[in-house]
Structure formats: structure tokens, C-alpha cells
Amino acid sequence: MFGPGRLLPFVLLIAAAVIYGGLFSLNKIAAEGGLPPIAYAFWQSALAGLILLGVSVLRGTPPGSGWPHLRAYLVIGALAIGLPISLLTYVAPNLPAALVTLVLALAPPATYLFGLLVRIERFRVLGMLGVVAGFVGVVLIVGPTEALPSGEMAGWFLLSLLAPLMFAGSNIAAAVLRPPALTSTAMASGVLLGSAGILLVAMAATGQTYWFADFPTAGDWAVIGAVAVNCAFVVMFLEIIRLAGPVFFAQFNYLAVVAGIGWGWAVFGETLPGIVWLAFLIMVVGVLLTSIKPRPTSPAQR
């Protein structure tokens, strides 16, 4: 039986997936509303970060400001929010929201590979089979024209695959770089503001500025929705990794795929062909394979 302490990560995982799945539909609304991708990512990071900063200060647990803290905020913020959200908003008008959501299923095997590189994971045959299953799923989607109605979509889908690599990097960075004795709310505020800092520079360099001149537009409401999603999700993301580790958290991604497809159906009336569901099932198998770990042997069993 699961005790309360062991059950909490699973509850947080499901809640985080349902909340985050809606972000892909919000991204599409923002893109169709004409918001520049970098500006859209900046505003959701900055506003959510300021809200959580206020909460952490009121609780008497403000984020730290030393170099280890700043490094963690900038690296995790860039990989978890700033860069991938900008990218996914950029590709959103060219792909169904449900299909863009599907790229999340590649983050778990990518997290396992990155975990091997930084030596927080051990090599396992099942883990490598999981990685292969993830790539098979991608091939099934990119190959048949049934999955991608137009040939132009293949390039957009391949570009979107950079996002799960960034998400996987953020999972590992959150486990390796997180300073000790810092609450998840305080850490989340630092991560979001770190993302905003990087995006502010990118926004100035590219000229992708935006101000809420005609508030409220559909794009403005998408920003507000994304702020709410980030306030809840980033705290959950850091808390799950603190409680159960990055590879466990990576399973969130295939739950978020289901949630994202559900949001895409509810908001846009989108449906997906059977080949995409087959690819998704293969990706889920890959996630399960990368999650299976041998039980540690006791000294008497050695």
C-alpha cells in the first residue's frame, strides 16, 4: 500500500500533467492572436515569477541570490520554460495543438540518456529499448502522410523535437543544480525570473516586443492563462523532482500528452488519426521501459 508520503508524488504528477496539457492550446491561441513567441514566453515567465516571489517573501522564504542560486535559475529557467515555450509557440500555428503535445512523450527517454551522461543513472538494456521505442514513435508520425496532412508539417514537427531535449535537460538540471534548503515555491520564482531575464535579452535582440495595448485580446487571455499554468506547474515540477527524482518526473510527459490531446479536442475540436495513437502507445511503452529499475540487492543476496 502507498503511504501518504509515497502517494504525494503520484498525485502531483497527475495534477501537473492536466494543468500543463492546457498550455499547448494556450500557445496556439497566443500564436494565432499575433503575439511574438519570445514576448509571449517572457510575459508568462515574468508575471508568474513575480507572483511566486511575492508568495515566497510573504512566507519568509525568499529565493537565494548567490551564484549557485543564480546559475540554477538561469539554466533551469532557460531549458524548462524560456527556450522550449518560445519554440513551441513558434511552431504552434503550423501543427495541430494535439500533435505538438505529442513531442512531450520523447522527454522521458531523453532524460534517461542525459542521466547516463551525468552519471545519475545506470546503463540498463530496458532503458535503451525505451529510447529506441521513442524514436520509433517519431518515425511513425513523420513518415506517413496520414499523420501529417501536408509534407510541410514534417519539417515543423522535426523542429518541435528540440523541445523535449530541452525539457529533459531541465529535469536533470533541476536535480543536479538545485541549491539545498530552498523551498519549491522560492525555487520556482527564481527559475521563472531567470527565464524572464534570458528572454528579455532575446526579446531586445530580436525586436519581438509586445505590450498589452488593446487589452483584453484573445492573445492577452492566453498570457494570463499561461501565467496561471506556470505558477502551479513549476512549483509542482520542482517538488516532484525533490521527492522522487528526475526520471520519475519524466513520466509526467506522457500523461501531459493525453491531457494536451484532451485540451486540443475541447478547445479546437481536434482529432488525431490512428497512426498517431499507435505512435503514442509505442512511446508510452518506451517510457515504461525507461522507468523499470532492478531492485537493489541486499548483502545476503550478493
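Residues numbered from 1 in each chain as written. Predicted model: local features only at pLDDT ≥ 70, side-chain atom pairs only at ≥ 80, totals over all residues. Heavy atoms only, no water.

Under the defined criterion, the tally for this structure stands at three cavities of 30 Å³ or more. Lining of the largest cavity is provided by Tyr 20, Ala 80, Leu 104, Phe 167, Ser 170, Asn 171, Phe 233, Phe 237, Phe 249, Phe 252 and Asn 253. If you list the elements that add at least two residues to the lining of the largest cavity, you get α8 (162-176), α10 (218-244) and α12 (252-268). The element contributing the most residues to the lining of the largest cavity is α8, with three residues. Classifying every residue of the lining of the largest cavity by side-chain character gives eight nonpolar, three polar and no charged. (1 Å grid on protein atoms, 1.4 Å probe; cavity = no way out; pocket = protein on both sides within 12 Å on 5 of 7 lines; lining within 4 Å. Points joined across faces, edges and corners; volume = space filled by probe spheres on them. Helix = DSSP H or I, 4+ residues; strand = E, 2+ residues; numbered from the N terminus. Nonpolar A, V, L, I, M, F, W, Y, C, P; charged D, E, K, R; others polar.)

Right, let's get into the nonpolar core. Tyr 20, Tyr 40, Ile 76, Phe 233, Phe 237 and Phe 252 are the most contacted members of the largest nonpolar core, which has 77 residues in total. In terms of residue count, α10 provides more of this core than any other element does, 14 residues in total. Setting aside residues up to four positions removed in sequence, Phe 233 forms contacts with Ala 16, Tyr 20, Phe 249 and Phe 252. (Core = buried A, V, L, I, M, F, W, Y, C linked by side-chain atoms within 4.5 Å. Buried < 20%, exposed > 50% of the residue type's maximum accessible area, 1.4 Å probe, protein only. Contact = heavy atoms within 4.5 Å.)

Contact pair helix α3 (residues 67-91) / helix α7 (residues 152-160): the axes reach a minimum separation of 10 Å and the direction vectors enclose 170°. The angle between the axes of α3 and α7 places the two elements in the roughly antiparallel class. Contacts from Leu 87, Leu 88, Tyr 90 and Val 91 in α3 reach Trp 156, Leu 159 and Ser 160 in α7. Classifying every residue of the contact of α3 with α7 gives six nonpolar, one polar and no charged. (Axes fitted to C-alpha atoms, helices over the stretch in contact; angles between N-to-C directions. Parallel < 35°, antiparallel > 145°, perpendicular 65-115°, else oblique.)

Let's shift gears to a nonpolar patch on the surface. A grouping of Leu 7, Leu 8, Phe 10, Val 11 and Leu 243 is seen on the molecular surface, where their side chains present a nonpolar patch of about 390 Å² in accessible area. For the nonpolar patch, the element with the highest residue contribution is helix α1 (residues 4-32), accounting for four residues. Structurally, Phe 10 is set in helix α1. (Patch = residues over 30% accessible without salt bridge, like charges linked within 9 Å, V, L, I, M, F, W, Y side chains within 5 Å. Areas by Shrake-Rupley, 256 points an atom, 1.4 Å probe, with all protein chains shown as cover. Salt bridge = Lys/Arg side-chain N within 4 Å of Asp/Glu carboxyl O.)

With that out of the way, let us pick up α7. Of the residues making up α7, those classed as buried are Met 153, Ala 154, Phe 157 and Ser 160. Axial view of α7: buried residues confined to an arc of 125°, hence all on one face. (Arc of directions from axis to C-beta.)

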